[in-house]
Amino acid sequence: MVARSLARRYDAGLILDYRDEWTVGTPVFVKAGRHDRRQERRCLARADAAVFVSESIRQLYVGAFTDLDANRCHVIANGWDPEDLSAAGVAPPDTDLAADPPA
């Protein structure tokens, strides 16, 4: 909200960097209400671009905010998903990162 206000006041560009979901696909331990959704909608409407960590999150947001212009939404992969590694020409690790480490 502060960045949106400053961008408007100084006529500056605004790029939203989504590392985690805000009101779409919110984890159960995060409380997001109608006020949060309204503020996110306002930020997205003002933003010159929005950057997401995966195509699936980008699509989730474009679907959830019908007035969000998909052409302003971009993906910069975070390298977590195995397909991110293959797209970069790197072989994914053969270990499950979510599994407990060996004792």
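Residues numbered from 1 in each chain as written. Predicted model: local features only at pLDDT ≥ 70, side-chain atom pairs only at ≥ 80, totals over all residues. Heavy atoms only, no water.

K.L.:
Explanation requested: the nonpolar core in the structure shown.
P.N.:
In a soluble, globular protein the nonpolar side chains are often hidden away together inside. In this structure, L16, Y18, L44, A50, F52 and Y61 are the most contacted members of the largest nonpolar core, which totals 15 residues. With sequence-adjacent residues up to four places away left out, A50 is seen in contact with L16, Y18, L44, R72, C73 and H74. (Core = buried A, V, L, I, M, F, W, Y, C linked by side-chain atoms within 4.5 Å. Buried < 20%, exposed > 50% of the residue type's maximum accessible area, 1.4 Å probe, protein only. Contact = heavy atoms within 4.5 Å.)

K.L.:
Quick question: what am I supposed to make of a positive patch on the surface here?
P.N.:
A cluster of like positive charges, contributed by R8, R34, R38 and R42, occupies part of the molecular surface. Looking at the positive patch, the element that brings in the most residues is helix α2 (residues 34–46), giving three residues. (Patch = residues over 30% accessible without salt bridge, like charges linked within 9 Å, V, L, I, M, F, W, Y side chains within 5 Å. Areas by Shrake-Rupley, 256 points an atom, 1.4 Å probe, with all protein chains shown as cover. Salt bridge = Lys/Arg side-chain N within 4 Å of Asp/Glu carboxyl O. Lys, Arg positive; Asp, Glu negative; His and termini not counted. Charge placed at Lys NZ, Arg CZ, Asp CG, Glu CD. Helix = DSSP H or I, 4+ residues; strand = E, 2+ residues; numbered from the N terminus.)

K.L.:
What is the right way to look at α2 in this model?
P.N.:
Given 3.6 residues per helical turn, the α-helix brings residues three or four places apart onto the same face. Across its 13 residues, α2 extends 19 Å between first and last C-alpha, which sits within 8% of the 18 Å expected from 1.5 Å per residue. Residues of α2 that are buried include every one of Q39, E40, C43 and L44, and no others. Along the long axis of α2, the arc covered by the buried residues comes to 135°, so they all point the same way. Counted as exposed and oriented over 90 degrees from the buried face of α2: R34 and A45. Against α1 (2–9), β1 (15–18), β2 (49–52) and α3 (55–64) lie the buried residues of α2. (Expected span 1.5 Å × (residues − 1). Arc of directions from axis to C-beta.)

K.L.:
Hey, could you run me through the pairing of β1 in this one?
P.N.:
It is a general feature of regular strands that their side chains alternate between the two faces of the sheet. Where burial is concerned, the two faces of β1 differ: the one with L16 and Y18 is buried and the one with I15 and D17 is not. Taken together, the four bridges between β1 and β2 define a ladder with parallel strand orientation. By the bridge assignment, L16 is partnered in β2 with A50. The parallel pair β1 and β2, bridged by α2, forms a crossover whose chirality is right-handed. (Pairing = 2+ DSSP bridges. Right-handed = clockwise from strand over helix to strand, strands pointing away.)

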